[in-house]
Amino acid sequence: MTRIIDSLAEIADGYDVLVCDLWGCVHNGKVAYPAAIAALQAFRQGGGKVALMTNAPRPRRFVAEQIDRLGVPQDAWDDIVTSGDAAQDAMFAGRVGQNVWHVGPERDLGFFTETTDPRAPGIRRVPLEDAEGIVVTGPYDDMTETPEDYRARLETAQARGLPLLCANPDIVVDYGEQRLYCAGALAGLYEEMGGEALYFGKPHAPIYDLARRRLGVSGGRELAIGDGIGTDVAGAVAQGIDSIFVTGGLAAEHMGGDVERPEDSLLRAWLKAEGIAPTYAIGRLR
């Protein structure tokens, strides 16, 4: 049964490694959460290691720069592991061909260029009609577009049997008070059409394997933290590690009137409907 906790400190002594989601747990895209930062700092001061694990479709450097601008200090983490890092390796390996149709905003172009991998020059961004595969990092304009805006083009791609590489398995994210669609929503639509989609971020294994390599750990007591029940928590369950579900993120509207403290009955009913049980739950990371 999921245990509701008030702070990470209550259980921190039982773990050596944290893999902590960023968006919805440490920041909301606009501002960082001081209490979450303090909790991560305290965990590291106690001898633990922290990997900030995000389904952002960009290489590590861009995420590090983003959270620095938001005020997340470097002493709150040991490393950053992104879905973009894991997916980038698969793209360079030719998993969706050499000529790819890229769906995503200009800010994601670093997914193709930010690398020292000698295989990178072999990947070419081309129009849909010339593509062997698709790379989706997000909608072109995530402030206004929905997956339905891509239906016709995805139908064309599916009819040609093009594989789709999804660099961010998240379906939605909250940017301040606005909910935006992510690459995972487009990949989900493509699969509904009968297309093939490949995923490399949470909840899939490659990103966890990469985090362990980056931290230099091969065992130990691991704990995952996140507000995505189908990504952060599902990934932890698949990895056989404990998890803290942050209820004040994507699922906040289902947890009662106090975002800091979920109502026990509402939380348990919602988790039962989702068919998954995190080890712990907390309103906001602190």
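Residues numbered from 1 in each chain as written. Predicted model: local features only at pLDDT ≥ 70, side-chain atom pairs only at ≥ 80, totals over all residues. Heavy atoms only, no water.

**Quick notes on the packing of aromatic side chains**
To be explicit about the condition: Here the aromatic set is Phe, Tyr and Trp, taking the six-membered ring for Trp, and pairing holds for ring centres within 6.5 Å; pairs whose planes are under 30 degrees apart are stacked, those over 60 apart are edge-to-face, and all others are tilted. We count a charge as sitting over a ring when the NZ of a lysine or the CZ of an arginine lies within 6 Å of the ring centre and within 35 degrees of the ring normal.
Using the criterion set out here, one finds 4 aromatic pairs in the structure. Sitting above the plane of the Tyr33 ring, Arg284 keeps its charged end 5.2 Å from the centroid.

**Comments concerning the sheet that holds strand β2 (residues 17–20)**
Threshold: Whether two strands pair depends on DSSP finding at least two bridges between them. Strands are runs of DSSP state E lasting at least 2 residues, helices are runs of H or I lasting at least 4, and numbering of each runs from the N terminus. Every residue pair with non-hydrogen atoms within 4.5 Å of one another is taken to be in contact. Note on definitions: angles span 0 to 180 degrees between N-to-C directions of axes, and those axes are lines fitted to C-alpha atoms, for helices only across the stretch in contact.
Taken together, the 7 strands give an open sheet; going across it, the order is β1-β14-β13-β12-β2-β3-β4, and neighbouring strands pair in parallel fashion. Of all the strands in the sheet, the pair left with one neighbour each is β1 (3–4) and β4 (79–82). Pairing of strand β13 (residues 242–246) with strand β14 (residues 280–282) involves 3 bridges; the strand directions are parallel. Directly across from Ile244, in β14, lies its bridge partner Tyr280. Its contacts with the sheet put helix α2 (residues 60–70) on β3 (49–54) and β4, and the angle it makes with β4 is roughly 120°. Across the sheet, helix α8 (residues 229–239) touches β12 (222–226) and β13, and the angle it forms with β13 is around 160°.

**Some words on empty space enclosed by the protein**
A water-sized probe rolled over the atoms picks out the places where empty space is left. For the record, the criterion: For each structure, a 1 Å grid was placed over the protein atoms alone; sets of points admitting a 1.4 Å probe that cannot get out are labelled cavities, open sets with protein on both sides within 12 Å along at least five of seven lines are labelled pockets, and lining residues have an atom within 4 Å of a point. Grid points are joined across faces, edges and corners, and a volume is the space filled by probe spheres set on the points. Three classes are used: nonpolar for Ala, Val, Leu, Ile, Met, Phe, Trp, Tyr, Cys and Pro, charged for Asp, Glu, Lys and Arg, and polar for all others, with Gly counted as polar.
Overall, the coordinates contain 2 cavities of 30 Å³ or more when judged by the stated rule. The calculated volume of the largest cavity comes to roughly 40 Å³. As for the largest cavity, its lining consists of Thr247, Gly248, Ala252, Met255, Gly256, Asp258, Val259, Arg261 and Pro262. Of the residues assigned to the lining of the largest cavity, the class counts are 4 nonpolar, 3 polar and 2 charged. By volume, the second largest cavity amounts to about 40 Å³. Val19, Cys20, Asp21, Met53, Lys202, Tyr208, Ala224, Ile225 and Asp232 together form the lining of the second largest cavity. Those elements giving two or more residues to the lining of the second largest cavity turn out to be β2 and β12. Within the lining of the second largest cavity, the residues separate by chemical class into 6 nonpolar, no polar and 3 charged.

**Quick word on the sheet that holds strand β7 (residues 133–136)**
What holds strands together in a sheet is hydrogen bonding between their backbones, with the strands either parallel or antiparallel. Spatially, the 5 strands line up as an open sheet ordered β6-β5-β7-β8-β11, and their pairing is parallel. Of all the strands in the sheet, just β6 (124–125) and β11 (197–199) have a single pairing partner and so form its edges. Pairing between strand β5 (residues 99–103) and β7: 4 bridges, direction parallel. Within the sheet, the bridge partner assigned to Trp101 lies in β7 and is Ile134.

**With respect to the pairing of β5**
Formally: Only protein chains enter the calculation, and the probe is 1.4 Å; a residue is then buried if its accessible area is under 20% of its type maximum, exposed if over 50%, and partly exposed in between.
A large share of β5 lies buried, amounting to 5 of its 5 residues. Burial along β5 is two-sided: the residues Asn99, Trp101 and Val103 and Val100 and His102 are all buried.

**Focus: the environment of Glu155**
Take Glu155: it is sitting in helix α5 (residues 151–159). Between the C-alpha atoms of Glu155 and Gly230, which are 75 residues apart in sequence, the distance is 26 Å.

**Section: the domain arrangement of the chain**
Interface size, as often reported, equals the accessible area lost upon joining of the parts. Condition: Note that the domain bounds reflect an automated or database-derived domain assignment. We define buried area as the total accessible area lost by two parts upon association, computed with a 1.4 Å probe and summed across both. Every case where a carboxyl oxygen of Asp or Glu lies within 4 Å of a side-chain nitrogen of Lys or Arg is listed as a salt bridge. Identification of polar contacts relies on pairs of N or O atoms within 3.5 Å, with a donor-acceptor requirement for protein atoms, meaning one able to donate a hydrogen and the other able to accept it, and with residues adjacent in sequence counted only if both atoms are side-chain atoms.
Segmenting the chain into domains produces domain 1 (3–55 + 203–282) and domain 2 (86–199). Computed over C-alpha atoms only, the centres of domain 1 and domain 2 are separated by 27 Å. For the pair domain 1 and domain 2, the two sides together bury roughly 1100 Å², of which 58% comes from carbon and sulfur. In terms of surface lost to domain 2, no three residues of domain 1 exceed Trp23, Asn55 and Leu250, which account for 48% of the buried area on that side. Inspection of the region where domain 1 meets domain 2 yields 0 salt bridges. Linking domain 1 with domain 2 are 5 residue pairs in polar contact (both at pLDDT 80 or more), by the criterion used here.

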